[in-house]
Amino acid sequence: MNIHALLISRFSQALADMGIADAPVPVARSGRPEFGEYQFNGAMALAKKLKQKPRDIAAKVLEHVKLDDMASKLEIAGPGFINIHLADEWLATACQQALEDTRSGVSEQDPKTIVVDYSSPNLAKEMHVGHLRTTIIGDAVVKLLEFLGHKVIRQNHMGDWGTQFGMLLAHLSDKLNKNQVAETALSDLEDFYREAKVRFDEEEGFADRAREYVVRLQSGDQQCAELWHLFIDVSISHSEEVYKKLNVSLTRADIMGESAYNDDLAPVVAELKEKNIVVEDQGAQVAFIPELADKEGNPAVYIVQKSGGGYLYATTDLAAMRYRSGKLKADRTLILTDARQALHFKQTEIVGRKAGFMQPEQTYEHCPFGMMLGSDGKPFKTRSGGTVKLVELLDEAVERAAKLLAERDTGLDIDELKEVARKVGIGAVKYADLSKNRTTDYVFNWDTMLSFEGNTAPYLQYAYTRVQSLFRKAEVAPTALQARISIEHEQEHALAVQLLQLEEQLNVVARDATPHVLCSYLYDLASHFMSFYEACPILKSDVPAATRDSRLALAALVAKELRLGLELLGIETLDKM
Ligand code: ARG
């Protein structure tokens, strides 16, 4: 159910009946309940166009618009707004349908093929907090797009190639020669990287060997390739450990690392040369981008091949664009990285479009996000100033949740507590990230994210268990409920309106890749439920059976939506906590 879309179609019809075609049909949520739930705001613009008074136009629209079923009251307000008060009976029927529908009343969208490039850690190093946001937000976006009926292709564009692998492979080779097995040698990638770097900087002859390895790797030397595979394999398993803990849906099949494009790089550059999109400049192949000129009018410089012949991050992204648009036939490509890469993707899009690597109707959407900051307002670091490993951060979240739960009177046994702590701890970290507008920086704070109050995972998980315990007390399963929803009380009305906003909000998230919109929706829903629960008694003995069942049915729909919403966000629910 999409009330907004429904109202737009009714008003469009009314305008068409009035002989007005192609006019915008602005319908918005009302700011205050006394103005109803929605407003039609089109009369003012039409008045200018038709040279009539806005209120006269509004009156004419009212004559034509068919809303007898949906609205209990329509009124003209202010300069010419039409306020729409939704009817209780209509809301009740819509909620009933949503409750009986396996999709909670959310219809599928016109299906598109959507590539989502997310997580994409660099395999030379351990996954660190810098990859938390892309992984969590990306996974929520793919789950939601899939739910809306799209064909989603996950692309984990891992950094598995580049000159730093020469140094790493030379170091690995030495360790293996000393009879170490790869898993042990690479058990801590941070340490391994640091050791290799020290040798590269200080040890006589090592840098030359590292460079030799790069050449051998690039020329397809068999032994070197095996060593590289070994390294990549162990490194991927480190990432997989994180994905598992995070309950993230990425698998090995979704990996399409930088190295996968190796064979495409030369043809990409050749094509760019042939189309005169790049020119030689001091031995390098360069695209000049006048669209992104600086203040003095100098075009931006975008290098696709270095003077020594080497390729860059940019070349690989052009190859990826060509593959996704051409082979995967992506209608949309979403790429989630931190905001510092925004310029790179802008440049890539301009150059790639000029080259015809994408069709005009295919979109290239870089979805940037801000940084995760420590309480000092600086980029999040360990106490000693190092980068925080994701695995350790997640383990700490679970430990902290366990401590908090131990202080509460949960009535759970040890095993149950452990499971609840895992769901709450991981959920808290994920939700803290998801609930912020991704474009801004955010401060990582254990206390707020683990709080049972406010817009947090524990609050929503708790709200969900409240509904579950309500059903336990009523001794009826939500699915076994045979009730007709009726809306009588003001709080029931408000809750029903909220419950019917789900599709609208999901569509916004699908369009903008902004899971925080869904978080706000769920938070509002839980808050509406709490107010309803206080104002409308359910299990008290003097409540008539029909009223009790209707209210239970509303509660069941609340639980259903909370569960669905949290599931799309990748957050687990529980029955008790
Ligand atoms: N590996 C990169 C990083 O860690 C992110 C890759 C994003 N995707 C892309 N197509 N460039 O910063």
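Everything that follows concerns the structure shown earlier in this document.
Below or above, wherever it landed, is the structure these notes cover. Since the structure is predicted, the reported quantities are computational estimates derived from the model, not experimental observations.

**A look at the overall build of the chain**
Across its full length, the chain holds 21 helices and 13 strands. Principal-axis analysis of the C-alpha atoms places the extent of the chain at approximately 85 × 70 × 40 Å. Burial analysis of the chain (577 residues in total) assigns 51% to the buried set. Sequence-distant contacts in the chain: of pairs separated by 6 or more residues, those separated by 24 or more amount to 73%. Accessible surface, the chain as shown: approximately 26,700 Å² in total, 50% of it carbon and sulfur. Here the chain holds 66 positive side-chain charges and 84 negative ones, and the gap between their average locations is 2 Å.

**Considerations on the packing of aromatic side chains**
Applying the stated criterion to the full structure yields 11 aromatic pairs. On the numbers, 4.6 Å between centres and 55° between planes, the contact of F380 with F444 is tilted. Here F444 lies in the loop between β13 (442–443) and α16 (446–449) and F380 lies in the loop between β12 (372–373) and α14 (390–407), a separation of 64 residues in the sequence. Comparing F380 with F444 shows no difference in burial state: the two are buried. An aromatic cluster is present here, built from F165, F192 and F231 joined pairwise through their rings.

**Considerations on the environment of T363**
Positionally, T363 belongs in strand β11 (residues 363–369). Sequence spacing of T363 and A330 is 33 residues, and the spatial spacing of their C-alpha atoms is 8.4 Å. Those residues in contact with T363 that sit more than four places away from it in its chain are D331, R332, T333, R353 and M358.

**A short note on the packing of helix α6 (residues 164–177) against helix α10 (residues 222–246)**
Between α6 and α10, the shortest axis-to-axis distance is 10 Å and the interhelical angle comes to 95°. Here α10 runs roughly perpendicular to α6, going by the angle between their axes. Side by side, α6 and α10 meet where F165, L168, L169, L172, S173 and L176 of the first sit next to C224, L227, W228, L230, F231 and I232 of the second. Of the residues that constitute the contact of α6 with α10, the class distribution is 11 nonpolar, one polar and no charged.

**Some points on the site of the ligand**
The ligand sits among D117, S120, N122, H131, H157, Y313, D317, T337, Q341 and F345. Within the contact set of the ligand, a nitrogen atom lies 2.7 Å away from a side-chain nitrogen or oxygen of D117. In this structure, Y313 approaches the ligand through a side-chain N or O atom, which is 2.7 Å from a nitrogen atom. Taken together, the residues of the shell around the ligand break down into two nonpolar, six polar and two charged.

**Description of unusual backbone geometry**
With a phi angle near 40°, S120 is a residue other than glycine that sits in the positive phi range. For K329, which is not glycine, the phi dihedral falls at a positive 55°. Structurally, K329 is set in the loop between α12 (313–327) and β10 (332–338). You can call K329 exposed: its relative accessible area is 55%.

**With respect to the pattern of salt bridges**
This model, assessed by the stated rule, comprises 33 salt bridges. Notably, a salt bridge pairs R199 with E203, separated by 2.7 Å at the nearest N-O pair. Residue D338 is joined to R340 by a salt bridge in which the shortest nitrogen-to-oxygen separation is 2.9 Å. Judged by relative accessible area, D338 falls into the buried class, the value being 17%. Overall, the relative accessible area of 66% leaves R340 in the exposed class.

**Thoughts on the sheet that holds strand β3 (residues 71–77)**
A sheet is described by the order of its strands in space; here four strands give the open sequence β1-β2-β4-β3, paired in antiparallel fashion. A strand with exactly one partner marks an edge of an open sheet, and here the two such strands are β1 (27–29) and β3. Taken pair by pair, the neighbouring strands of this sheet meet at an average axis angle of 25°, ignoring direction. Bridge count between β1 and strand β2 (residues 38–40): three bridges; the pairing is antiparallel. Bridging from a neighbouring strand, V27 pairs with F40 of β2.

**As for helix α21 (residues 545–568)**
Over its 24 residues, α21 runs 34 Å from end to end, which matches the ideal 34 Å to within 8%, given 1.5 Å per residue. Positive phi shows up at G570, right after α21, with a value of about 80°.

Criteria and thresholds
Residues numbered from 1 in each chain as written. Predicted model: local features only at pLDDT ≥ 70, side-chain atom pairs only at ≥ 80, totals over all residues. Heavy atoms only, no water. Helix = DSSP H or I, 4+ residues; strand = E, 2+ residues; numbered from the N terminus. Buried < 20%, exposed > 50% of the residue type's maximum accessible area, 1.4 Å probe, protein only. Contact = heavy atoms within 4.5 Å. Areas by Shrake-Rupley, 256 points an atom, 1.4 Å probe, with all protein chains shown as cover. Lys, Arg positive; Asp, Glu negative; His and termini not counted. Charge placed at Lys NZ, Arg CZ, Asp CG, Glu CD. Phe/Tyr/Trp six-rings, centres within 6.5 Å; stacked < 30°, edge-to-face > 60°. Axes fitted to C-alpha atoms, helices over the stretch in contact; angles between N-to-C directions. Parallel < 35°, antiparallel > 145°, perpendicular 65-115°, else oblique. Nonpolar A, V, L, I, M, F, W, Y, C, P; charged D, E, K, R; others polar. Near = heavy atom within 4 Å. Polar contact = N/O pair within 3.5 Å; in protein donor to acceptor, adjacent residues only side chain to side chain. Salt bridge = Lys/Arg side-chain N within 4 Å of Asp/Glu carboxyl O. Pairing = 2+ DSSP bridges. Expected span 1.5 Å × (residues − 1).

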